[in-house]
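# An overview of the molecular structure
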Amino acid sequence: MSVWITIAFVVAIIYFINQYFFSYWTKQGIPFKEPTFLLGEFWDILTLKRGLGDYFEQLYKKYKNNKIFGLYCSYRPTLLVNDPVLIQEVMIKDFTSFHDRGFPVDEENDPLSANLFELSGQRWRDLRVKLSPTFTSGKLKSMYPTIRDCAQVMENYLEKEVKSGNKVYDMRDLLARFTTNVISSVAFGIDNDCINDRDNIFRKIGLKIFESNYKSMFRNILSFFLPKLMLLFKIRSVDREVEDFIVSIVKQTIDHRENDKSYERKDFMQLMILLKNQGYISVDKDDKKDELNGHDHNDMKKLTFNEIAAQAFLFFIAGFETSSSTSNLCLLELCKNPKTQTKAQEEIDRVMKAANSKEVTYDMLGEMKYLECCIDEALRKYPIVPMLNRECTKDHTFTGTKHTIEKGTTLFIPVQGIQRDPDIYDNPMEFRPERFLDSPTGNGNSKGLFYMPFGDGPRNCIGARMGKLQTKLALAVILSKFSFELVDKSLMDKEFEADPAQFITTPKEPIMLKVEARV
Ligand code: HEM
């Protein structure tokens with residue numbers, strides 16, 4: 001008898017805890033998705049069969065009539081923000097109430113987690129001010145010859161392969177090798193050749209970071225949805241092997257450069273060494289914006305070694321996979337739309353002919369407007385970061401509503417759902433770069449924030465210019481010499497399945513392309 005009483009008691013306690021925690025959105029008067037017992041939305045996320053972007057797109061489609069909509073990630077109430085005007089409020093207008101992402105940072109146990117993407121509050125703000133000048137157009141222009149050399153290696157490789165009869169490629173891999181060469185060169189000052197050296201350690205580490213398995217999927221999910229558990233159980237966001245590699249490479253590079261005072265290289269590492277030694281970077285003459293944003297040089301604390309290593313790690317992961325996936329998905333659409341591919345190639349030919357140049361220069365890229373529209377449209381249809389998150393950093397009442405969002409609440413912005421909404425973009429699954437010819441957002445009529453492949457506001461992507469630059473250069477170089485088509489023609493009118501283990505948008509299976517030299 002007493003066993004039954006104990007069981008009944010335990011069940012009653014669980015029931016009441018469940019009722020208590022899952023009553024949050026009811027009390028707030030905000031509509032919400034009925035949670036699964038105990039785990040809420042977390043059960044669906046843990047058992048995802050498709051990408052996170054697709055999952056949030058489905059939620060957006062179902063609940064978009066609610067400007068804001070409550071979810072439960074286990075007992076943690078989180079909020080889906082569906083309305084572009086409210087999204088603008090979060091990202092830009094009332095940014096001071098939403099400046100963090102709420103990721104777990106554990107500098108002692110997981111030092112590389114203290115990077116710009118994950119840090120919060122004043123630590124993030126100080127670092128962002130320090131690092132912003134490393135990404136100005138002037139600084140990028142000075143790195144262009146290095147990036148161009150990496151593109152040349154890719155072009156030569158493809159030329160050689162196609163000549164020898166190897167014509168079928170997983171272009172995502174080749175493009176990732178190219179961007180890994182770029183980032184190892186501009187972030188670490190190391191001239192790598194991951195294209196010809198298939199076993200290059202930088203490529204191996206890159207593959208390890210974006211490994212598609214349950215462990216990385218679980219880790220990604222925890223850091224987004226239950227970050228406090230990561231801290232509680234000391235779960236590292238970076239593998240020890242990756243950490244050891246990054247720390248040793250950064251150490252070797254800094255030691256080498258500090259011992260050889262004549263060493264002069266215009267790359268991120270040199271800029272970070274400057275930040276380590278003097279705490280600030282001077283403004284370029286041709287960059288009008290004052291990167292110090294009113295800060296005095298004397299206020300700027302110098303970067304520590306661990307801070308440099310954490311930022312180098314972040315540049316590495318943010319710098320190669322995002323851009324190579326963008327070029328790959330743009331190329332995929334150009335294969336599905338051969339006329340668009342020809343139009344982009346004709347523009348590239350025209351610009352190169354007018355400049356009488358065999359090499360794509362920085363200024364020539366600026367003239368390739370249609371190619372730019374192709375990239376913008378690829379990023380609309382396939383935002384590489386398919387959903388954004390923000391943490392509410394002080395209680396906030398949304399304009400025009402009575403709803404107050406409490407400090408500590410995590411907000412999700414379903415970017416992919418919004419960028420594929422037929423009420424914003426007509427026929428959204430059609431790849432039509434022309435949308436962007438007259439409008440930087442592909443739609444001059446809608447209100448609020450609805451095109452955000454690089455996020456927006458003060459916490460947007462700091463490397464957007466560099467991401468666009470390497471994507472555009474890669475595409476200009478390969479499209480000037482080669483034409484591409486899908487090997488599997490059944491993919492012509494089918495959408496690929498996104499990899500559920502990855503936070504970024506990327507196909508689950510490699511998409512093979514046939515490459516032909518242009519005549
Ligand atoms: C096509 C390429 C890229 C895409 C689509 C992309 C996209 C994004 C997005 C969506 C965010 C979040 C923005 C937000 O929350 O509002 C972000 C943040 C960030 N990205 Fe990128 N990115 C790209 C390339 C790069 C490159 C090349 C770098 C650096 C080398 C970089 C460094 C960063 C950093 C450091 C942040 C965090 C900024 C902060 O929190 O202050 N990204 N990126």
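Figured I'd write up the structure that's included with this text. (Residues numbered from 1 in each chain as written. Predicted model: local features only at pLDDT ≥ 70, side-chain atom pairs only at ≥ 80, totals over all residues. Heavy atoms only, no water.)

Enumeration according to the criterion identifies 38 salt bridges in this entry. A salt bridge links lysine 93 to aspartate 94; the shortest N-O distance between them is 3.8 Å. Residue lysine 93 is classed as exposed on the basis of its relative accessible area of 57%. The exposure class of aspartate 94 is partly exposed, given its relative accessible area of 22%. For the salt bridge of aspartate 239 with lysine 215, the shortest nitrogen-to-oxygen distance reads 3.2 Å. Linking aspartate 239 in the loop between α11 (227-232) and α12 (240-259) with lysine 215 in helix α10 (residues 214-225), this pair joins segments that are 24 residues apart in sequence. (Salt bridge = Lys/Arg side-chain N within 4 Å of Asp/Glu carboxyl O. Buried < 20%, exposed > 50% of the residue type's maximum accessible area, 1.4 Å probe, protein only. Helix = DSSP H or I, 4+ residues; strand = E, 2+ residues; numbered from the N terminus.)

For the rest of this paragraph, the subject is the site of the ligand. Near the ligand there are 30 residues, and of these Arg101, Trp124, Arg128, Arg390 and Cys461 occur at the shortest range. Taking arginine 390, its side chain carries an N or O atom lying 2.7 Å from an oxygen atom of the ligand. Within the residue set of the shell around the ligand, elements represented by two or more residues are α6 (121-131), α14 (305-336), β4 (388-391) and α19 (464-481). Looking at the shell around the ligand element by element, the count peaks at 7 residues for α14. (Near = heavy atom within 4 Å. Polar contact = N/O pair within 3.5 Å; in protein donor to acceptor, adjacent residues only side chain to side chain.)

For a metal with four donors in a tetrahedral arrangement, the ideal angle between donors is 109.5 degrees, while six donors in an octahedron ideally sit at 90 or 180 degrees. Just one protein atom coordinates the iron atom of the ligand, and that atom is Cys461 (SG), at 2.3 Å. The residue cysteine 461 is located in the loop between α18 (415-419) and α19 in this model. (Donors = N, O, S within 2.8 Å, 3.2 Å for Na, K, Ca; no water.)

Turning next to the pairing of strand β8 (residues 482-486). Alternating positions in β8 separate cleanly, Phe482, Phe484 and Leu486 being buried on one face and Ser483 and Glu485 remaining unburied on the opposite face. Relative to strand β9 (residues 512-517), β8 runs antiparallel, the two being bridged by 5 bridges. Bridge assignment links leucine 486 to a residue of β9, and that residue is leucine 513. (Pairing = 2+ DSSP bridges.)

Okay, the sheet that holds β9 next. Read from one edge to the other, the open sheet built from 3 strands follows the order β3-β9-β8, with strand pairing classed as antiparallel. Looking at the sheet topology across the chains shown, the edges are occupied by β3 (168-170) and β8. Sheet twist, expressed as the mean angle between neighbouring strand axes with direction ignored, is 40°. Helix-sheet contacts for helix α8 (residues 171-188) involve β3, β8 and β9, and the interaxial angle to β3 is about 60°. α19 contacts β8 and β9 of the sheet and is inclined by roughly 95° relative to β8. (Axes fitted to C-alpha atoms, helices over the stretch in contact; angles between N-to-C directions. Contact = heavy atoms within 4.5 Å.)

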